[in-house]
Each structure stands twice: as C-alpha cells, then as structure tokens.
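Survey of secondary and tertiary structure
Residue-level listing of the chains:
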Amino acid sequence: MPPSDGGRSPHSSVAGTSDEVLGAYRRSIDNIDAAIIHMLAERFRITQAVGEYKATHELPPADPSREERQVARLRALATESGLDPEFSEKFLRFVIDEVIHHHVRAAERG
Ligand SMILES: C=C(O[C@@H]1C=C(C(=O)O)C=C[C@H]1O)C(=O)O
C-alpha cells in the first residue's frame, strides 16, 4: 500500500503546483527572470541613448568590431561560468540585432 501523503507523492504532485520543492525552485526562477527583465530594461535604456547620440552625430547604427569583441568576451565569461558559449553568443546576437534595429529607426527619424 502506498504511503498516505495527502496526495503529495512525487507521482501525484509534479504536474500541479502543490510540490513544495518544485515550488521553491520556481520561486527562485521567478526572481531570476525578474532580474533578467530589469537588467534588459536598463540595457535598452542605455542603448536608446546611444541610438540618439549616433543619430545626432551621423554615426552608423552598427559597429561590427565592437560586437566581435563583445561576443569573444561573453563567450569566455560563459565558459568560465559553466554556460554554453554558443547559447551566450546567440542570446547576445539576438539582443544586439534588436538594438541595431532601434538605431536604424532613430537614424531615420533624424
Ligand atoms: C550600443 C551600440 O550599438 C550597437 C549595439 C551594440 C550592443 O547592443 O551592445 C553593440 C554595437 C553596435 O552594433 C554601440 O555601438 O555601442
């Protein structure tokens, strides 16, 4: 006969939200996700200012040599930290491409 655990055995609780261990992990994940969003918001606030500066001074929206240095730096940081460097490069590329898109729009506005 299975132990009486009020329906909290691993088999009965994982799919729902009553598992306390999973719930604690998820609270931590939620905090980390919030931090990521806050950091991205700050990053985009700064890159917005960079876009205005570039538009005012007629500088090109993208700077490939700067991007190359950032990718190399973040790949090394990722490797040191146990994060997949390919993933870190894809993530940075995704963010930078969005920033460049914003800079192109800022240049078009003049
Ligand atoms: C923010 C800049 O503009 C672009 C966006 C970058 C970024 O998001 O990190 C880096 C280089 C540029 O292509 C910059 O030139 O510094």
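Up top is the structure these notes are about.
A few points on the structure. (Residues numbered from 1 in each chain as written. Predicted model: local features only at pLDDT ≥ 70, side-chain atom pairs only at ≥ 80, totals over all residues. Heavy atoms only, no water.)

1. Overview of the pattern of salt bridges
- Under the criterion given, the structure shown has six salt bridges.
- Between R109 and E52 there is a salt bridge, with the nearest N and O atoms lying 3.4 Å from each other. Remark: E52 occurs in helix 2 (residues 20–56) and R109 occurs in helix 4 (residues 85–109); sequence separation between them is 57 residues.
- A salt bridge links E67 to R93; the shortest N-O distance between them is 2.9 Å. Of this pair, E67 sits in helix 3 (residues 64–81) while R93 is found in helix 4, placing the two residues 26 residues apart along the sequence.
- Each member of the salt-bridge network shares a partner with another, and the members are E67, R93 and D97. (Salt bridge = Lys/Arg side-chain N within 4 Å of Asp/Glu carboxyl O. Helix = DSSP H or I, 4+ residues; strand = E, 2+ residues; numbered from the N terminus.)

2. Observations concerning the packing of aromatic side chains
- Per the counting criterion, the structure on display carries one aromatic pair.
- With a centroid separation of 6.3 Å and 25° between ring planes, the pair formed by F87 and F91 is classed as stacked. Of the two residues, F87 and F91 are both situated in helix 4; the distance of four residues between them amounts to about one turn of the helix.
- The class of F91 is partly exposed, set by a relative accessible area of 39%. (Phe/Tyr/Trp six-rings, centres within 6.5 Å; stacked < 30°, edge-to-face > 60°. Buried < 20%, exposed > 50% of the residue type's maximum accessible area, 1.4 Å probe, protein only.)

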